[in-house]
Amino acid sequence: MKTSPGQPREDSAGTLTDPLPEHPRLAHDVEVHPPERPEAPWVLRQGERRYIRVGADMAKLLRALDGTRDHAALAETLGPPWSVADVRAVVGQVHRMGLVDDGAADPPRQSGVRRRRLSWIKIIPPLTVQFTVLRPERFMTLIRPLIMALANRFSAAVALALGVGGLPALAAQSADLDRALGQPLPLGVYAAVLLASFATTALHEIGHGVTLTYHGGRPSRMGVMLFYLAPAFFCEVTDGWRLPNRAQRVQVALAGAAVQAMMAGLAAIVALFAGTPDVHHAVLMFALSTYIGAAFNLLPLVKFDGYIALMSHLDIPYLRDKAMADARRFLARVLFGGGRYTREIDRPWSVPYGLACLVFPLYLVATAMSLWLDTLHGLGIFGIALLVAASLYLLYRLGAGFRKLMAEARAAGAHPVRLWAATTSVLLAIAAVLTFAEVPYTVPGAYVRSDDGRVELVLPLKADHAAIAPDAEVRLLRRGLLLRTPTGSAVVAGAQAVETTAPVSAFLPLRLEHPLTMPVKSYPLRVRQAPETAVGAAEIEAGRVALGTLLYRTFFVPALQ
């Protein structure tokens, strides 16, 4: 069995093969916090992210682990009902959890107080890397009187009025918003929206830290991170688990989304008075994207703020992990049989919620890939690399999930014959769907209209050119960031392609003052309805193909060419 460095090994029966520390001491990064009020639990803090609730008796033992007493002396210090056997059993338990050491390595001390090891780079599987920029505990403590003064009903009413009042303002500008999302815009507009979104995300995280400080907690780290390869900010507020009131923990979790909603509403109202069209479009896009970001943060199916709020409200630590374990055990029982399954959460909604948590991240990645498919193809080798990486990651997650499913079934005593029979059946069913289920296949591309009125279909060099056939239907569209508006129609006049160049703006929703070009292959078109714009998106109907063929042609053919 694999173990982490410094932790004991266990044999197949779960017993320790490494000796227990004779003079146990709390690990250097472990702190024991007393309850904030009588009915609250004691909290064990390890590092910056691990919080464990313990009872008063356990806390009493942990506080006595100073490395100077052996097990017998600890039992004598604690008094009845503790015995030497009880002490050894509990020390063995916390030793397996990595919470104690033998005192051999003495970490640096300052004024008799043990220092916590500070980590500036943290990797959180599967695809999150955090870079700590500052540790705001001291600053937040200094400004806490200001926070207490500003946190009143008037401030809450203003924030609520902005967040809610922006929705009708945005609805009143829906026609302008459609134009902003359905036509190419200058690069400066996208840059302004991106910078404003980053600034708002920083305010979102500060909102968490301020709310935690208001309730008496300590935000430990703030910084930037790569969240599934996307840049973002973070504020470590795990200390909120020490707050005695569930409502306080929920408020900390929802503070970021509240800040986003307030900023979105303010932008929507400001957009009513914006001047030039580009500024108007930028403010509208920022308002909409920020509202969407706030709503997305409230989803409880991934580890966003909505999940933290739900977990805090239910007061069930590791809610998502436990629910997904229950869902896997349910699936394992249905597929593989076995009779020794246990429930992590004894609630009727545990399995449905866990199933949704298992499926939703895969659905999220697949939906994002489908929405941005033509744009990623237009980015050339970089976009294709992102598509392939995302596809491989989806396959990896599916494989990892199935391995966990098999492990649950084996642990529950499922018969090996049924394990292999069910696995073979699942694989055959997947193969049958990929082979026999037919779906329409559309090749994304672009069109270019020359000065003499001739319209040509253009595709990146690594597109699926084998799917382009004479007389194939082609839809000509105005390309925006999110919307596509029909602007013409045509058919492919011939399958013989010519290598040439085309404006980058044909493949991306950009309006450039100085056009950039990229290498493409061009096909002649026979126009039925002339397009209104000189460049735009094109969708080529390539008939119906098997689902497996569609996935292969979409995600892997461009990379192999």
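The subject of this paragraph is the overall build of the protein. For the protein, the helix and strand inventory stands at 18 helices and 18 strands. By residue count, 42% of the 561 residues in the protein fall in the buried class. Taking contacts inside the protein between residues at least 6 apart in sequence as the whole, the part at least 24 apart equals 71%. Of the roughly 29300 Å² of accessible surface on the protein, 64% is carried by carbon and sulfur atoms.

Counting through the fold element by element, T211 comes out in helix α8 (residues 187-214). A relative accessible area of 17% places T211 in the buried class. Those residues in contact with T211 that sit more than four places away from it in its chain are Q251, V252 and A255.

Another point: the nonpolar core. L170, L177, M285, V458, A502, F507 and V520 are the most contacted members of the largest nonpolar core, which totals 32 residues. Elements that contribute at least two residues to this core include exactly α6 (153-172), α7 (174-181), α8, α9 (246-271), α10 (277-297), β12 (438-449) and β17 (517-529). Examining the composition of this core, we find that eight residues originate from one element, α10, more than from any other. L26, L62, L74 and L78 belong to the second largest nonpolar core, which has 24 residues in total.

Glancing now at a nonpolar patch on the surface. Residues W120, I121, I123, F131, V133, L134, V224 and L226 make up a contiguous nonpolar surface patch of roughly 740 Å² in combined accessible area. Every element with two or more residues in the nonpolar patch is listed here: β8 (121-124), β9 (128-134) and β10 (221-227). If one sorts the elements of the nonpolar patch by residue count, β9 sits on top with three residues. As for its position among the elements, V224 is in strand β10. On the accessibility criterion, V224 (32% relative accessible area) is partly exposed.

Quick look at the layout of surface pockets now. Taken as a whole, the second largest pocket spans an internal volume of roughly 920 Å³. Residue assignment for the lining of the second largest pocket shows that the elements contributing at least two residues are α5 (144-150), α6, α8 and α9. Tallying contributions element by element places α9 first for the lining of the second largest pocket, with seven residues. The residue makeup of the lining of the second largest pocket, split by class, is 18 nonpolar, six polar and no charged.

The axes of two packed helices give the description: the angle between them and the distance between them. Two numbers describe how α8 lies on α10: the axes approach to 9 Å, and their chain directions differ by 35°. For the crossing formed where α8 meets α10, the hand is right-handed. Mapping the contact onto sequence places V189, Y190, V193, A196, S197, T200 and H204 in α8 and D278, A282, M285, F286, S289, T290 and N297 in α10. Grouping the constituent residues of the contact of α8 with α10 by class yields seven nonpolar, six polar and one charged.

All right, on to the sheet that holds strand β2 (residues 30-33) then. Across the sheet, three strands lie side by side as β2-β3-β4; this open sheet has antiparallel pairing. The two strands at the open ends of the sheet, each matched to only one other strand, are β2 and β4 (50-54). If you compare each strand with its neighbour and ignore which way they point, the axes differ by 20° on average. Contacts between helix α1 (residues 56-64) and the sheet are confined to β2, β3 (42-46) and β4, with β3 contributing the most and set at about 45° to the helix.

Before going further, it helps to spend a moment on the packing of α8 against α9. One way to put it is that α8 packs onto α9 with a least axis distance of 8 Å and a crossing angle of 140°. Here α8 runs over α9; the crossing is right-handed. Taking contact as the criterion, the partners of T200, L203, H204, G207, H208, T211 and L212 in α8 are, on α9, Q251, V252, A253, A255, G256, A257, V259, Q260 and M263. Split into classes, the residues belonging to the contact of α8 with α9 amount to eight nonpolar, eight polar and no charged.

For the rest of this paragraph, the subject is the packing of aromatic side chains. In total, this model carries five aromatic pairs according to the counting rule given. Plain terms: the ring middles of F198 and F233 are 6.4 Å apart, the flat faces sit at 80° to each other, and that makes the pair edge-to-face. Here F233 lies in strand β11 (residues 230-236) and F198 lies in helix α8, a separation of 35 residues in the sequence. Of the residues examined, F198 reaches a relative accessible area of 28% and is grouped as partly exposed. With a centroid separation of 6.4 Å and 75° between ring planes, the pair formed by F336 and F402 is classed as edge-to-face. Remark: F402 occurs in helix α15 (residues 381-411) and F336 occurs in helix α12 (residues 319-336); sequence separation between them is 66 residues. The class for F402 is partly exposed, based on a relative accessible area of 25%.

With respect to the helices, strands and loops of the structure, A414 is situated in the loop between α15 and α16 (416-436). For A414, a relative accessible area of 10% corresponds to the buried category. Those residues in contact with A414 that sit more than four places away from it in its chain are F336, G337, G338, A409 and L419.

Looking now at the environment of E205. By the secondary structure assignment, E205 is in helix α8. The exposure class of E205 is buried, given its relative accessible area of 11%. E205 sits 31 residues away from E236 along the chain, and the two C-alpha atoms are 8.7 Å apart. Beyond its immediate chain neighbours, meaning those up to four positions away, E205 contacts M222, F233, F234 and C235.

Right, let's get into the pattern of salt bridges. Following the criterion strictly, the structure yields 16 salt bridges and no others. Across the salt bridge formed by E408 and R329, the nearest N and O atoms sit 3.0 Å from each other. With E408 in helix α15 and R329 in helix α12, this pair connects stretches of sequence that are 79 residues apart. Here the two residues E408 and R329 agree in accessibility, since each one is buried. Across the pair R475 and E541 runs a salt bridge whose closest N-O atoms are separated by 2.3 Å. Within this pair, whereas R475 is found in strand β14 (residues 473-479), its partner E541 is found in strand β18 (residues 535-546), the two being separated by 66 residues in sequence. R475 sits in the partly exposed class, given a relative accessible area of 36%. Judged by its relative accessible area of 27%, E541 is partly exposed.

Rules of the game
Residues numbered from 1 in each chain as written. Predicted model: local features only at pLDDT ≥ 70, side-chain atom pairs only at ≥ 80, totals over all residues. Heavy atoms only, no water. Helix = DSSP H or I, 4+ residues; strand = E, 2+ residues; numbered from the N terminus. Buried < 20%, exposed > 50% of the residue type's maximum accessible area, 1.4 Å probe, protein only. Contact = heavy atoms within 4.5 Å. Areas by Shrake-Rupley, 256 points an atom, 1.4 Å probe, with all protein chains shown as cover. Core = buried A, V, L, I, M, F, W, Y, C linked by side-chain atoms within 4.5 Å. Patch = residues over 30% accessible without salt bridge, like charges linked within 9 Å, V, L, I, M, F, W, Y side chains within 5 Å. Salt bridge = Lys/Arg side-chain N within 4 Å of Asp/Glu carboxyl O. 1 Å grid on protein atoms, 1.4 Å probe; cavity = no way out; pocket = protein on both sides within 12 Å on 5 of 7 lines; lining within 4 Å. Points joined across faces, edges and corners; volume = space filled by probe spheres on them. Nonpolar A, V, L, I, M, F, W, Y, C, P; charged D, E, K, R; others polar. Axes fitted to C-alpha atoms, helices over the stretch in contact; angles between N-to-C directions. Left-handed = near helix turned anticlockwise from the far one by under 90°. Pairing = 2+ DSSP bridges. Phe/Tyr/Trp six-rings, centres within 6.5 Å; stacked < 30°, edge-to-face > 60°.

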